[in-house]
Amino acid sequence: MDESSEEVLAVVRASPGRRILGIASLSILGFLLIYIAFAQPPAVLLWQVFLLVVGAVAIWGADLMRRATASCVVLTETTLSDADGTLIARVEDIASIDRGFFAFKPSNGFLVRLTRGEGRTWRPGLWWRIGNRVGVGGMTPGHQSKNMSEIIAIILAKRDGI
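Computed from a predicted model, the values in this text were never measured in an experiment. (Residues numbered from 1 in each chain as written. Predicted model: local features only at pLDDT ≥ 70, side-chain atom pairs only at ≥ 80, totals over all residues. Heavy atoms only, no water.)

A. Expanded view of the pattern of salt bridges. One pass over the structure, following the stated rule, counts 7 salt bridges. A salt bridge links D63 to R67, with the shortest nitrogen-to-oxygen separation between them at 2.9 Å. On the criterion of helical spacing, the pair formed by D63 and R67 is a turn pair, its members being 4 residues apart in helix 2 (residues 45-68). Using a relative accessible area of 27% as the deciding quantity, one classes D63 as partly exposed. Relative accessible area serves as the criterion here: at 47%, R67 is assigned to the partly exposed category. Notably, a salt bridge pairs R116 with D93, separated by 3.1 Å at the nearest N-O pair. With R116 in the loop between strand 6 (110-114) and strand 7 (121-123) and D93 in the loop between strand 4 (87-90) and strand 5 (94-98), this pair connects stretches of sequence that are 23 residues apart. (Salt bridge = Lys/Arg side-chain N within 4 Å of Asp/Glu carboxyl O. Helix = DSSP H or I, 4+ residues; strand = E, 2+ residues; numbered from the N terminus. Buried < 20%, exposed > 50% of the residue type's maximum accessible area, 1.4 Å probe, protein only.)

The structure is reproduced here in structure tokens:
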């Protein structure tokens, strides 16, 4: 593989402000639910267990989000991948890109449709992949994801001869 094919064309990373707000919100929710479960225990034990479980899941989700948003999404001429090396999609497998207002996409992001499904993976606040759809965005600044989506659209137009 030559060096030019691995040149980084665009990078999308989580905005520090959105990252702090999202992680703090989930953490506070989790700690409040656990606090309520002990400070004002419901009459039925099952409800107390429910509050504890949902609180623990919220704290776990906040930690998952913290680790995921520390990374970034990198676009090269051949791949769309996470900075930790996780392959999100190959550019050759991208069928289309959807940036529309009504698209089922992350906030400030875009949706990529693949020709073949890769499986399910999720990095909260950064990207997700379910079957043949990939969503990039969430806690990302709009200008970064718009730039990446436009570069992907140009690559697709060149590939399809448009």
